[in-house]
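Architecture and fold: a report
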Amino acid sequence: MASTGPAPLPQDTPAPSNQHQYPHMHSSLFAQDDQQVELPLIDLQLLCQEDEAEIHKLLIAAKEWGFLQVANHGVSRKLRSEIEEQAYHAFTLPAETKARAEAAPGSAHGYLPKSSGADGNRPRLSEAFRLPLNPEKRADMIIKLWPEGNDTFSSVVEEYIAAVESILLQLLRSLASGLGLDPLQFTHDLSKDGNTAVLRMNFYSASSQPLPTLGFPAHSDPQILAILHQNSVDGLQILKDDKWIAVKPRPGSFVVNVGDTLQVMSHDMYPSVVHRVVMNSDHFRSSLVLAVAPHPQAIVRPAPQLVTEQRPSQYVPFTVEEYYSSMKSLPINAGKSNLDKFRIIPTLA
Ligand SMILES: O=C(O)CCC(=O)C(=O)O
Ligand SMILES: [Fe+2]
C-alpha cells in the first residue's frame, strides 16, 4: 500500500524490518485525507427494548466497521468525570509509587510505564494501569499504590466497571440475537478471572513535538468486546479498507469495538479491527478501556449454528489461555491480531 501524506515516522519508532508483511505499519501517522469520521451511533435504550431497527443498525455497524459508538447508555456524567479524575490521580502519583504496581513480564495486569522502544518492544507514548476485573486481584494492585488503601478510587472504579459492563452485556445479547443465536451465546463463558479481562486506564502525555506521535501502536484487542471512554483529546484511528481513519469523538458517548475472540465466535461476521492512537495535542489524553473476556480455560470456536457445510469452521478451536500465550510470540510491530495462527488454511484436493 502506498503511504499517504509526507510519511514522518515518530522519532522513537525502530526501523521497520517486516515492511512487506505489515505495510500499514509504515505508512504516515496522518489519517486518510486528515479527516475524522463519526462511527455509527447506537441507542442503548432502544436495544434494551429489543427495537428491531436498532438491532439491525448494530449488526450493520459491527459487520462493516467492527467499531461503533453508544449513546443513551445511562452512565451518568458524574460517574464519567469521577473515573477520569481518579485515573488522573493515579497517573500523577510519583514514578516510584507507580512502579510498585508494575506488571510481571507477560502479565496483562499491572502498571505499564511508557516505552521508547529502546528495549525492543513496541514504542508507546502511553502509560497504563491495567486493573483486573476480579475484585480481589484488583484490591491487591490498589494496595501497592496506596498502602493505606484508597476507598474513593476503589469504589469509583467498582461502580464504573459495573456500569459499563452492563452496556457490554446488552450489546453482546443483541449481537447474538441479531445473528439468530441464543442471546447468551457470547456471554456464557465470560469471567472476571479471564487473563485478558481488564479495565485499562491509558494516559498519553501532551505532545511536545509539532509532529504527530504514536501514542499506542497498531493492535487489535484480543478479548470479546471492549468499551472506551476518553477525555476530549482525540487521537484514535482505525484501519478500514487498508486506510487509517481518524475517529471523531462524540462527547458523552462510548466507543465499542469487537475483539479477536468475538471475531472467532461470530465466525468472522464481526471483524476485530486494528486500531492505534496518534497524539498531536498540547493537552494530555486519557482513556479507559474495559474489555470482557471468557475464563482462561474456555474454548473459543465459532458458534455451532454459524458453521455449515458450505462454510465449515475457519478456525482450530483454542483456549483463551492458548491465544494469550500465542500473542507473546507476535512479531514486534505486527499491528494485527494473531488469529491467522489458528485459522484453517484450505488445502487443494
Ligand atoms: O486510547 C485509546 O483511544 C485506545 C486505547 C486502546 O486501544 C486500548 O487500550 O486497547
Ligand atoms: Fe485497543
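Residues numbered from 1 in each chain as written. Chains lettered and ligands numbered in written order. Predicted model: local features only at pLDDT ≥ 70, side-chain atom pairs only at ≥ 80, totals over all residues. Heavy atoms only, no water.

To continue, consider the sheet that holds strand β8 (residues 225-230). Pairing in this open sheet of eight strands is mixed, and the strands run β2-β3-β11-β8-β13-β6-β5-β4 from one edge to the other. Looking at strand neighbours, the two that pair on one side only are β2 (41-43) and β4 (110-112), the edges of this open sheet. Taken pair by pair, the neighbouring strands of this sheet meet at an average axis angle of 25°, ignoring direction. With six bridges joining them, β8 and strand β13 (residues 285-292) adopt antiparallel strand pairing. Considered in β13, the bridge of Ile227 is made with Leu290. The sheet strands contacting helix α2 (residues 52-64) are β2 and β3 (67-71), and the helix crosses β2 at an angle near 150°. (Pairing = 2+ DSSP bridges. Helix = DSSP H or I, 4+ residues; strand = E, 2+ residues; numbered from the N terminus. Axes fitted to C-alpha atoms, helices over the stretch in contact; angles between N-to-C directions. Contact = heavy atoms within 4.5 Å.)

Moving on, we get to the packing of aromatic side chains. Inspection of the entire model under this criterion finds 10 aromatic pairs. Taking 6.2 Å as the distance between ring centres and 55° as the angle between the ring planes, the aromatic pair formed by Tyr88 and Phe203 counts as tilted. Here Phe203 lies in strand β6 (residues 198-204) and Tyr88 lies in helix α3 (residues 77-91), a separation of 115 residues in the sequence. The partly exposed category is assigned to Tyr88, whose relative accessible area is 39%. Here the aromatic residues Tyr88, Phe91, Tyr111, Phe129, Phe203 and Phe284 are joined through ring pairs into a cluster of three or more. Sitting over the ring of Trp65, Lys240 keeps its end group 4.5 Å from the ring centre. Between the NZ or CZ atom of Arg276 and the centre of the ring of Trp244, over which it lies, the distance is 4.0 Å. (Phe/Tyr/Trp six-rings, centres within 6.5 Å; stacked < 30°, edge-to-face > 60°. Buried < 20%, exposed > 50% of the residue type's maximum accessible area, 1.4 Å probe, protein only. Lys NZ or Arg CZ within 6 Å of the ring centre and 35° of its normal.)

This part takes up the side chain of Arg285. Looking at the secondary structure, you find Arg285 in strand β13. Among buried charged residues, Arg285 stands out as having no salt bridge; its nearest opposite-charge side chain is Asp234, 6.1 Å away. Only 3.3 Å separates the side chain of Arg285 from the side chain of Gln230, close enough to count as a polar contact. Separated by 2.5 Å, the side chain of Arg285 and the backbone oxygen of Val233 make a polar contact. Leave out the neighbours within four places in its chain, and Arg285 touches Asn202, Phe203, Tyr204, Gln230, Asn231, Val233, Asp234, Gly235, Leu236, Val277 and Met279. (Lys, Arg positive; Asp, Glu negative; His and termini not counted. Salt bridge = Lys/Arg side-chain N within 4 Å of Asp/Glu carboxyl O. Polar contact = N/O pair within 3.5 Å; in protein donor to acceptor, adjacent residues only side chain to side chain.)

Next up on the list: the packing of α3 against helix α6 (residues 151-177). The axes of two packed helices give the description: the angle between them and the distance between them. Two elements in contact, α3 and α6, have axes whose closest approach is 10 Å; the angle formed by their N-to-C orientations is 130°. In terms of orientation, α3 lies oblique with respect to α6. Here the hand of the crossing between α3 and α6 comes out left-handed. Residues Leu79, Glu82, Ile83, Gln86 and Ala90 of α3 form the contact with α6, whose own contacting residues are Thr152, Phe153, Val156, Val157, Glu159, Tyr160 and Ala163. (Parallel < 35°, antiparallel > 145°, perpendicular 65-115°, else oblique. Left-handed = near helix turned anticlockwise from the far one by under 90°.)

This part covers α6. Between its first and last C-alpha atoms α6 spans 39 Å; for 27 residues at 1.5 Å apiece the expected length is 39 Å, and the two agree. The backbone nitrogen of Thr152 has a side-chain oxygen 3.3 Å away, supplied by the residue at the start of α6, namely Asn150. (Expected span 1.5 Å × (residues − 1).)

Looking now at the coordination of the iron ion (ligand 2). Each protein donor to the iron ion (ligand 2) is listed here as His219 (NE2), Asp221 (OD) and His275 (NE2); together their distances run 2.1 to 2.3 Å. Linear spacing of the donor residues for the iron ion (ligand 2) on their chain is H-x1-D-x53-H. In this pair, His219 sits in strand β7 (residues 213-219) while His275 sits in strand β12 (residues 275-279), placing the two residues 56 residues apart along the sequence. A relative accessible area of 12% means that His219 is categorised as buried. A relative accessible area of 6% means that His275 is categorised as buried. (Donors = N, O, S within 2.8 Å, 3.2 Å for Na, K, Ca; no water.)

Let's shift gears to the site of ligand 1. If you check the shell around ligand 1, you find 13 residues, and the closest are Arg200, Asn202, Tyr204, Arg285 and Ser287. Between ligand 1 and His219 there is a distance of 3.1 Å, counted from an oxygen atom to a side-chain nitrogen or oxygen. Considered on its own, ligand 1 offers 290 Å² of accessible surface; in the complex 99% of this is hidden by protein. Of all the secondary-structure elements, those providing two or more residues to the shell around ligand 1 are β6, β7, β12 and β13. For the shell around ligand 1, the class distribution of residues is six nonpolar, four polar and three charged. (Near = heavy atom within 4 Å. Areas by Shrake-Rupley, 256 points an atom, 1.4 Å probe, with all protein chains shown as cover. Nonpolar A, V, L, I, M, F, W, Y, C, P; charged D, E, K, R; others polar.)

What follows covers the nonpolar core. Membership of the largest hydrophobic core comes to 61 residues, with the highest contact counts inside it found for Leu171, Phe186, Met201, Leu225 and Leu262. With 13 residues, the top contributor of residues to this core is α6. Setting aside residues no more than four positions away along its own chain, Met201 makes contact with Ile83, Ala87, Phe91, Glu127, Ala128, Phe129, Leu131, Phe153, Val157, Ser287 and Leu288. Counting 20 residues, the second-largest nonpolar core is a separate cluster that includes Trp65, Tyr204, Ala226 and Leu236. (Core = buried A, V, L, I, M, F, W, Y, C linked by side-chain atoms within 4.5 Å.)

A word on the packing of α2 against α6. Interaxial distance between α2 and α6 falls to 9 Å at its minimum, and their mutual angle equals 90°. Accordingly, the angle class assigned to the pair α2 and α6 is roughly perpendicular. Here α2 contributes Ile55, Leu58, Leu59 and Ala62 to the contact with α6, which in turn contributes Leu171, Ser174 and Leu175.

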